Amino acid sequence: MDEAEVSGQAWRDEVRARPTAEQDRDALARLVETDADSFEVELYERAADPQVLSIDRAQRSQAGQYARRVRRLREHQRRQGS
């Protein structure tokens with residue numbers, strides 16, 4: 001693997017490992033309901049931003065599409081080699 005592939009794989013692994021933006025938003029909403037600290041409210045507002053949610057979904061989609069493409073290519077190569 002070259003440096004770009006390693007970097008891309010690290011990014012995809014990080015995207016899959018982190019909680020979704022919706023999970024972050026929901027957890028922060030529960031926290032704000034309990035104790036509305038100004039910093040927590042600011043974090044919630046950022047997590048609830050439609051653009052943040054959209055970017056998170058797009059990143060997860062791209063990482064998933066790439067993983068499926070790699071699986072299909074490997075399966076195709078395996079069938080061709082058999």
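Residues numbered from 1 in each chain as written. Predicted model: local features only at pLDDT ≥ 70, side-chain atom pairs only at ≥ 80, totals over all residues. Heavy atoms only, no water.

**Some points on the packing of helix 1 (residues 3–17) against helix 4 (residues 50–81)**
Part 1 of the argument: For the pair helix 1 and helix 4, interaxial distance at closest approach is 9 Å and the crossing angle is 120 degrees. Relative to helix 4, helix 1 is oriented oblique. Crossing handedness for the pair helix 1 and helix 4: left-handed. Residue-level contacts link Trp 11, Arg 12, Val 15 and Arg 16 of helix 1 to Gln 59, Arg 60, Gln 62, Ala 63, Tyr 66 and Ala 67 of helix 4.
Part 2 of the argument: In terms of residue class, the contact of helix 1 with helix 4 is built from five nonpolar, two polar and three charged. (Axes fitted to C-alpha atoms, helices over the stretch in contact; angles between N-to-C directions. Helix = DSSP H or I, 4+ residues; strand = E, 2+ residues; numbered from the N terminus. Parallel < 35°, antiparallel > 145°, perpendicular 65-115°, else oblique. Left-handed = near helix turned anticlockwise from the far one by under 90°. Contact = heavy atoms within 4.5 Å. Nonpolar A, V, L, I, M, F, W, Y, C, P; charged D, E, K, R; others polar.)

**A closer look at the packing of helix 2 (residues 21–34) against helix 4**
Part 1 of the argument: Between helix 2 and helix 4, the shortest axis-to-axis distance is 9 Å and the interhelical angle comes to 140 degrees. On helix 4, the residues that touch Ala 21, Glu 22 and Arg 25 of helix 2 are Val 52, Leu 53, Asp 56 and Arg 57.
Part 2 of the argument: Residues belonging to the contact of helix 2 with helix 4 are distributed by class as follows: three nonpolar, no polar and four charged.

**A few points about the pattern of salt bridges**
Part 1 of the argument: The full count for this structure, using the stated rule, is eight salt bridges.
Part 2 of the argument: Between Arg 18 and Glu 14 there is a salt bridge, and its shortest N-O distance comes to 3.3 Å.
Part 3 of the argument: Looking at Arg 18, the relative accessible area reads 25%, which means it is partly exposed.
Part 4 of the argument: In this structure Glu 14 comes out as partly exposed when scored by relative accessible area, which is 38%.
Part 5 of the argument: The structure contains a network of salt bridges with shared partners spanning Glu 14, Arg 18, Asp 56 and Arg 60. (Salt bridge = Lys/Arg side-chain N within 4 Å of Asp/Glu carboxyl O. Buried < 20%, exposed > 50% of the residue type's maximum accessible area, 1.4 Å probe, protein only.)

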